Each structure stands twice: as C-alpha cells, then as structure tokens.
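Chain by chain, the residues:
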Amino acid sequence: MKKLIAANWKMNKTIKESVSFVKELNELIKREKNAEVVICPPFTALEALSKELKSQKSENQILLGAQNMHYEENGAFTGEISAAMLMEIGCEYVILGHSERREIFCEHDALINRKVITALKHSLNPILCVGENLEQKKTGKAKEAIGNQLKNCLNGISKNQISKISIAYEPVWAISKGDPNHKAATKEDAENGHSFIRDFLIKMHGRDAAESTRIIYGGSMKPENAKELLSMPNINGGLVGNASLSAKSFAEIIKSVIS
Ligand code: PGA
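Residues numbered from 1 in each chain as written. Predicted model: local features only at pLDDT ≥ 70, side-chain atom pairs only at ≥ 80, totals over all residues. Heavy atoms only, no water.

Quick word on the layout of surface pockets
Summary: where empty space remains is shown by rolling a probe the size of a single water molecule over the atoms.
Here is step 1: Volume-wise, the largest pocket comes out at about 610 Å³.
Here is step 2: Per-class residue counts for the lining of the largest pocket are ten nonpolar, eleven polar and five charged.
Here is step 3: Computed from the structure, the second largest pocket encloses a volume of approximately 210 Å³.
Here is step 4: Looking at the second largest pocket, it is lined by 19 residues, and the ones nearest its centre are Ser176, Ser220, Met221, Asn242 and Ala243.
Here is step 5: In terms of residue class, the lining of the second largest pocket is made up of six nonpolar, eight polar and five charged. (1 Å grid on protein atoms, 1.4 Å probe; cavity = no way out; pocket = protein on both sides within 12 Å on 5 of 7 lines; lining within 4 Å. Points joined across faces, edges and corners; volume = space filled by probe spheres on them. Nonpolar A, V, L, I, M, F, W, Y, C, P; charged D, E, K, R; others polar.)

Here we look at the site of the ligand
Here is step 1: Near the ligand the following residues occur: Asn8, Lys10, His98, Glu170, Ile175, Ser176, Gly219, Ser220, Leu239, Val240, Gly241 and Asn242.
Here is step 2: Between an oxygen atom of the ligand and a main-chain N or O atom of Asn242, the distance comes to 2.8 Å.
Here is step 3: Within the complex, 99% of the 280 Å² of free accessible area of the ligand lies under protein.
Here is step 4: Most atoms of the ligand, that is more than half of them, are within 2 Å of grid points of the second largest pocket.
Here is step 5: A per-class count over the shell around the ligand returns three nonpolar, seven polar and two charged. (Near = heavy atom within 4 Å. Polar contact = N/O pair within 3.5 Å; in protein donor to acceptor, adjacent residues only side chain to side chain. Areas by Shrake-Rupley, 256 points an atom, 1.4 Å probe, with all protein chains shown as cover. Sits in = over half its atoms within 2 Å of the grid points.)

A word on the sheet that holds strand E1 (residues 3–8)
Here is step 1: Spatially, eight strands are ordered E1-E2-E3-E4-E5-E6-E7-E8 in a closed barrel, and the strand pairing comes out parallel. Within the sheet, the average angular offset between the axes of one strand and its neighbour, ignoring direction, is 25°.
Here is step 2: Note that strand E3 (residues 63–66) and strand E4 (residues 93–96) share two bridges and pair parallel. Across the sheet, the residue bridging to Gly65 is Tyr93, located in E4. (Pairing = 2+ DSSP bridges. Helix = DSSP H or I, 4+ residues; strand = E, 2+ residues; numbered from the N terminus. Axes fitted to C-alpha atoms, helices over the stretch in contact; angles between N-to-C directions.)

Observations regarding the pattern of salt bridges
Here is step 1: All chains considered together, the criterion is met by 13 salt bridges.
Here is step 2: Linking Arg114 and Glu72 is a salt bridge whose minimum nitrogen-to-oxygen distance equals 3.3 Å. In this pair, Arg114 is assigned in helix H5 (residues 109–121) and Glu72 in the loop between E3 and helix H3 (83–89), connecting sequence segments 42 residues apart.
Here is step 3: Classification of Arg114 as partly exposed rests on a relative accessible area of 42%.
Here is step 4: Shared partners join several salt bridges into a network, and the residues in it are Arg101, Glu107 and Lys115. (Salt bridge = Lys/Arg side-chain N within 4 Å of Asp/Glu carboxyl O. Buried < 20%, exposed > 50% of the residue type's maximum accessible area, 1.4 Å probe, protein only.)

Comments concerning the packing of H5 against helix H7 (residues 142–153)
Here is step 1: Packing of H5 against H7 leaves a shortest axis separation of 8 Å and a crossing angle of 45°. Here H5 is positioned oblique relative to H7, judged by the angle of their axes. On H7, the residues touching Asp109, Ile112, Asn113 and Val116 of H5 are Asn148, Gln149, Asn152 and Cys153.
Here is step 2: Tallied by class, residues from the contact of H5 with H7 come to three nonpolar, four polar and one charged. (Parallel < 35°, antiparallel > 145°, perpendicular 65-115°, else oblique. Contact = heavy atoms within 4.5 Å.)

Have a look at this one:
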C-alpha cells in the first residue's frame, strides 16, 4: 500500500496559478515513486489541471481530486457538483466531511454518509475526514467523537468497499487555518488517533480489510514534521492544506515518504 499525499488547496489558486504549480511540482517529484500524489484544487481549476496532468510525462502520475460533491445524481441543487461531473472531468478522489464543511456549512454525519455512498457508486475514492475539536479533546471525549463520526459516516459501507476509502484523521485543533506556525499534533498523539481508527475498522470489518485501508493525517503537516509523522506505523499518508500551496514545500513532504 503506497502512502497517499493529498493537497487540499481549499479556496486558493486561480486556474493560471494551479497550472503553473503542477508544472513546477512535476519537475520536482518526477522520480519520487514512494507516494501516490493527489491535488484537490478548487472546482474551477479541475478541467485545466486534468488536461495539464494528462500531458505530463512522469514516473509518478499526479492524480486529481475534488474538495466536495453532492450526494444526489443531479437536480435542483443550486451551486452543487455531482459525482458524475467529477468523474467526467478526470477526478479519482474526493474529500468528504472536511471539518470546515462540517463547521461552516453545517454538514452532518448522515449527509456525509450519503456522499460516501454516492462517491463509491461512481468509483470515486473518498477521503473521509474525521477528528475531534478542541472542546472534545479537553473534556476527554476525543475518541467518542471520532468513533461516532466513523460509525455514522461509514454506515452501510461493506467490507469490500472500505479499502477504497482513505480516512483522514484531522484533529480540528491542529488545522493551521493558513498559519504556517500552527502546531501539528505530536507524532505520538497522531499515532494514537490513527491506531484508534485502525482498531475501529478491525472491529467493523476484520483485520485484512482494516489493514488495507489508508488512514492519513491532516493538521499542520509541513516539511519540518512530515518525516516523523509519516514514519509512524499507522500513518499511511497526509492531507496537507497550507504547506501544499507552495510546490517546493509540498514536494519536500512527498520526498519525506520512505518506501
Ligand atoms: P492544514 O490543513 O495543513 O493547513 O492544517 C489541513 C486540512 O484542513 O485538510
């Protein structure tokens, strides 16, 4: 199982900036074969990036992902994008249930569960985000919060489907919100969260299915801490926000993956 390093650009970069980023990134990581690399730009840049990525000659094909989608196939949902639209444009991944979607756009577990089911139906690989907030951490309720999110968001997902999902453990208090000096979880705290998620998956679907499912870390991952986080036994990759906005720092993170 290759480690997954995904860039979550959030609401950053125009089409022009996105294309010049992937040109630069491709030069920097051409020979890095240890990680599967995914870029999740804003919707507006997907088509241009899809064309650019197809034209790149590389030993490490950069893949495309979206930051969100709707759970219905089509219809009267102003401002929304469907799974079929993402597939048509060349996406292979979609981030679902990010904490910013949960907090700012009031997404709840049942809705995220419907999105996961729809994404899988269209062969899009979900990156499902879970993680406790500061209040839950302080009151000793972190594991309960993560367990509930997993139980609800993975409702109805079969043993055969689970390994198509990457679970992103993103403690909300560790997310940088654009501050490069924001502190990530320590490698011990991150590993603790990941092993809790692994055990949860083992109970749900058995050891084989759980061990072939990626659990990736998100929250202020950067070149300075990527190597130590990515060397922990249950950390199978990273979902990178702020540090993915520069091709150089994102490439350094990709290079910290040891096979
Ligand atoms: P960050 O964001 O790396 O800027 O903390 C990660 C995320 O929100 O996915």
